[in-house]
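Listed here are the chains, written in short residue letters.
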Amino acid sequence: MNTATKLSGFALGLAVVFGATYGVGRVADPVTPPAEAPHDAGGGHGDDGGAGHGGDNGAAAHLPGGLLVSDRGYTLRPVDAPAGQFAFQVTGPDGRAVTAYDVAHDKRMHLIVARRDLSGFRHVHPEMTPDGTWRVDSPLAGPGVWRAFADFTPTGGEALTLGVDVTVPGELTGRPLPAPATSTTVDGYTVTLAGAPEPGRTAELTLSVSRGGAPVTDLEPYLGAYGHLVALRQGDLAYLHVHPHGEPGDGRTRPGPEVSFSAEMPSAGAYRLYLDFKHGGVVRTAEFTVVAGSPTAPGVPAATGSPTAGTPAATSSPTADAGHGVPGHGHD
């Protein structure tokens, strides 16, 4: 049985207070990931899963995105913000805040946050002030240690995903990872997953959206696609940001019910998938647990094909395009 844990704010190294409501954030040391496949792993942008982002000296070139707070001269630095806001800068090789970014998937900055037990997830898009500070209503919904991922492309540079841990103090009850399943429901929509990820190899994953038993054939574009997929590896939260085949308006990509992706899982283990899709003017997130490699590996929950068995994979409330109403799942 899970026991409640009392989290308290703390500061170590580069730290910043996000206000009494949202606790204290700190830069964490890079997490040592599980053994990787013997080639570059996916991370960051890219229709094929992207390229991994290594350290400045190339020693970590095989790592997926999001494991490092500093990479290739760029560093993610949280900054002071009023209560209820989240703010950060990205500094460049010259030590100054970066102010020039390329648009990637309709936005200059994608901020994804996930609680370390993968029970909370938000995907938001902050706004930048002239001094290079990105600000957004805080996406940190409730106590816990959260991993914040800044996914961006500095103008003249390569696509990067940097990550930093932020702690929200308070009473916390840890939640187990939901069991692997091939179907889940969110807001009355059923999303079904076909395809099996394999460690170190590219796999085709197809997600089909239906409602009331009928396939949804009029999905709406969101971030330049009919679906947006983030995968996080259990444990170190290695970040994989992949996109579907084709794009709206290309004359061959249908607006549902199926959205297909090429995804590469860098190692064996359990992963949490977050599919964003838009329909009726609302963006929703469907969540799945999938396993690459042995389904009986330590820490992997027992599989189920039922969308209702175990912990619900995703919940949300219908809202405008700005976000969900249930803490831990949303978009801006």
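Residues numbered from 1 in each chain as written. Predicted model: local features only at pLDDT ≥ 70, side-chain atom pairs only at ≥ 80, totals over all residues. Heavy atoms only, no water.

Let us now look at the overall build of the protein. Along its length, the protein carries zero helices and 22 strands. Looking at the protein as a whole, 53% of its 332 residues qualify as buried. Considering only intrachain contacts with a sequence separation of at least 6, the fraction spanning at least 24 residues in the protein is 65%. Accessible area of the protein: about 13300 Å², with a carbon and sulfur share of 53%. (Helix = DSSP H or I, 4+ residues; strand = E, 2+ residues; numbered from the N terminus. Buried < 20%, exposed > 50% of the residue type's maximum accessible area, 1.4 Å probe, protein only. Contact = heavy atoms within 4.5 Å. Areas by Shrake-Rupley, 256 points an atom, 1.4 Å probe, with all protein chains shown as cover.)

Now for the pattern of salt bridges. Here the structure, examined in full by the defined rule, presents nine salt bridges. Put simply, E158 and R72 hold a salt bridge, and the shortest N to O gap is 2.8 Å. One end of the pair, E158, is in the loop between β11 (144-152) and β12 (160-168); the other, R72, is in the loop between β4 (70-71) and β5 (74-78), and 86 residues separate them in sequence. Judged by its relative accessible area of 27%, R72 is partly exposed. When salt bridges that share partners are traced, they join R116, R147 and D165 into one network. (Salt bridge = Lys/Arg side-chain N within 4 Å of Asp/Glu carboxyl O.)

This part covers the sheet that holds β4. Taken together, five strands build an open sheet; the order of strands is β4-β5-β6-β10-β9 and the sheet is antiparallel. Both outer strands of the open sheet, β4 and β9 (127-128), are each paired with one neighbouring strand and no more. (Pairing = 2+ DSSP bridges.)

Core analysis: the biggest nonpolar cluster contains 26 residues, and V191, M265, L273, F277 and F288 have the highest contact counts within it. If you list the elements that add at least two residues to this core, you get β15 (189-194), β16 (202-211), β18 (228-233), β19 (239-242), β20 (258-264), β21 (269-279) and β22 (282-292). Aside from chain neighbours lying at most four places away, what touches F288 is A181, T182, S183, T184, V191, T192, L193, L207, Y271, R272 and L273. Judged by nonpolar contacts, the second largest core, of 25 residues, contains L76, V124, L140 and A148. (Core = buried A, V, L, I, M, F, W, Y, C linked by side-chain atoms within 4.5 Å.)

Scanning the model with the defined rule gives six aromatic pairs in all. Between Y189 and F277 the ring centres are 5.6 Å apart and the planes differ by 65 degrees, which places this aromatic pair in the edge-to-face class. Of this pair, Y189 sits in strand β15 while F277 sits in strand β21; the two residues are 88 residues apart in sequence, bridging distant segments of the chain. Judged by its relative accessible area of 1%, Y189 falls in the buried class. (Phe/Tyr/Trp six-rings, centres within 6.5 Å; stacked < 30°, edge-to-face > 60°.)

Going from G256 to P257, the amide bond is cis rather than trans, its omega being 0 degrees. On the secondary structure map, P257 appears in the loop between β19 and β20. A positive phi is found at L118, a non-glycine position, where the angle reads about 65 degrees. Relative to the helices and strands, L118 resides in the loop between β7 (109-115) and β8 (121-124). Overall, L118 belongs to the buried group, its relative accessible area being 4%. For L223, which is not glycine, the phi torsion reads 55 degrees and is therefore positive. Looking at where L223 falls in the secondary structure, it is placed in the loop between β17 (214-215) and β18. Residue L223 is classed as buried on the basis of its relative accessible area of 6%.

All right, on to the pairing of β18 then. Within β18, six of the six residues are buried, which leaves it mostly tucked inside the rest of the structure. Pairing of β18 with β21 involves six bridges; the strand directions are antiparallel. Directly across from L232, in β21, lies its bridge partner R272. The sheet contact formed by β18 and β19 spans four bridges and is antiparallel. Directly across from L232, in β19, lies its bridge partner Y239. Between the end of β18 and the start of β19, which pair antiparallel, lie five residues, with G235 showing a positive phi angle near 105 degrees.

Spatially, β19-β18-β21-β22 is the arrangement adopted by the four strands of the open sheet, whose pairing is antiparallel. With partners counted over all chains shown, the strands left at the sheet margins are β19 and β22, one partner each. Taking the axes of each pair of neighbouring strands and ignoring which way they run, one obtains an average angle of 20 degrees across the sheet. (Axes fitted to C-alpha atoms, helices over the stretch in contact; angles between N-to-C directions.)

Put simply, the protein has an average pLDDT of 78, and 70% of its residues get 70 or more. Ignoring residues within four places in sequence, the model shows residues 1-60, a span with pLDDT below 50, making 193 contacts including any to other chains. Low pLDDT (under 50) marks residues 305-330, which in the prediction has 66 contacts with non-local residues, meaning those over four places away or in another chain. (pLDDT = per-residue confidence, 0-100.)

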